[in-house]
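Chain and residue survey
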Amino acid sequence: SWLSQLKFRGSYGVTGNNRIVDFAFVDLLYASNYPLGPGTGTVTTGQVPSRDILSNADITWEQTFQFNGGLDLSILENTVTIGFDIYRSKTDRLLLRQAIMGFAGVPQTWNNIGSLQNDGVELEISSNNVVTENFTWTTSANISRTRNKILELGTEAFLFNQGERTEIYRNKVGDPLVQFFGFKTDGVWLSQAQITESGIKSSLSNALVPGGLKLVDLDGNGILNADDRTVIGSPYPDFTWGVSNNFKYKAFDLSFMFQGVEGGSLINGDPNYL
């Protein structure tokens, strides 16, 4: 008698996606100037193929294969309802820029060489706390957790990408899709004497300046350089959550909500920008 509803759900599907880049299967032409005629010539407008990336007539759509399993449960005459979901999605044939041999005259080409996997779990609970003729109070809460990792980058073990504010992102097989890549810090250099006493040398500009950040020499060789960079964070949260409450008294109602994101890192790009 306490069980109002019990339902199991399951689904599987494949979705195609071609909205990554337009016309990557043909070489596009861009405006360019040509000098024609005797002497230094006369500048004439024309067109030229891209010098950055080569087309690939064999590329195809990305494909995402997704499985979802779920449970819906209501108890105590629908006073409490619970929804639980788990899912896994795998995207194959990711369209990525792949390095090619220099004799092609263009450094990169488009290719279906990537694969990515997402796993997640979601839980939602709703309850009718108070239900009377003139007053009702209901609560709804949810929490979710998602993890992703790169399964394949063609023949590459990892890739680096630079962001808008000169920050560096690393994509590595077996790790999350995006990771912040840079130097760890350990306080601030207080004086030139402290820097001299440390014995650390550096080929980096402004790395050893009183008042500046003290970068960590990760490999312990006494020299600060690009080899001392490492993964310093990821933007993906540990989990996200939300709680909402709704009150109603006759013709008046009130609702409020709390939501949050736990874990995950942010990178402050403004110092580089400014």
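Everything below is about the structure printed above this text.
Per chain, the residues get numbers from 1 upward, laid out in the order the sequence is written. In keeping with the model being predicted, local features are shown solely for residues with a pLDDT of at least 70 and side-chain atom pairs are shown and tallied solely at 80 or more, while totals for entire chains, interfaces and linings include all residues. Derived side-chain values reflect all non-hydrogen atoms in the structure, with water molecules and hydrogen atoms excluded from consideration.

**Topic: the pairing of strand β5 (residues 62-75)**
Successive side chains on a regular strand alternate, one facing one side of the sheet and the next facing the other. We count it as follows: Two strands are said to pair when DSSP picks up at least two bridges between them. Each helix corresponds to a stretch of at least 4 residues labelled H or I by DSSP, and each strand to a stretch of at least 2 residues labelled E; elements are numbered beginning at the N terminus.
The pairing of strand β1 (residues 3-17) with β5 spans 14 bridges and is antiparallel. Bridge assignment links Gly16 to a residue of β5, and that residue is Gln63. Note: β5 against strand β6 (residues 80-99), 13 bridges, orientation antiparallel. Across the sheet, the residue bridging to Gln66 is Ser89, located in β6. What sits between the antiparallel neighbours β5 and β6 is a turn of four residues, in which Leu76 has the positive phi angle 55 degrees.

**Comments concerning the pairing of strand β7 (residues 108-131)**
As judged from the two bridges shared by strand β4 (residues 53-54) and β7, these two strands associate in the parallel manner. The residue bridging Leu54 from the neighbouring strand is Thr109, located in β7. Bridge count for β6 against β7 is 18 bridges, and the pairing is antiparallel. Following the sheet pairing, Thr91 is matched in β7 by Leu116. Connecting β7 to the next strand, strand β8 (residues 135-153), in antiparallel fashion are three residues.

Purely geometric numbers; function is a separate question.
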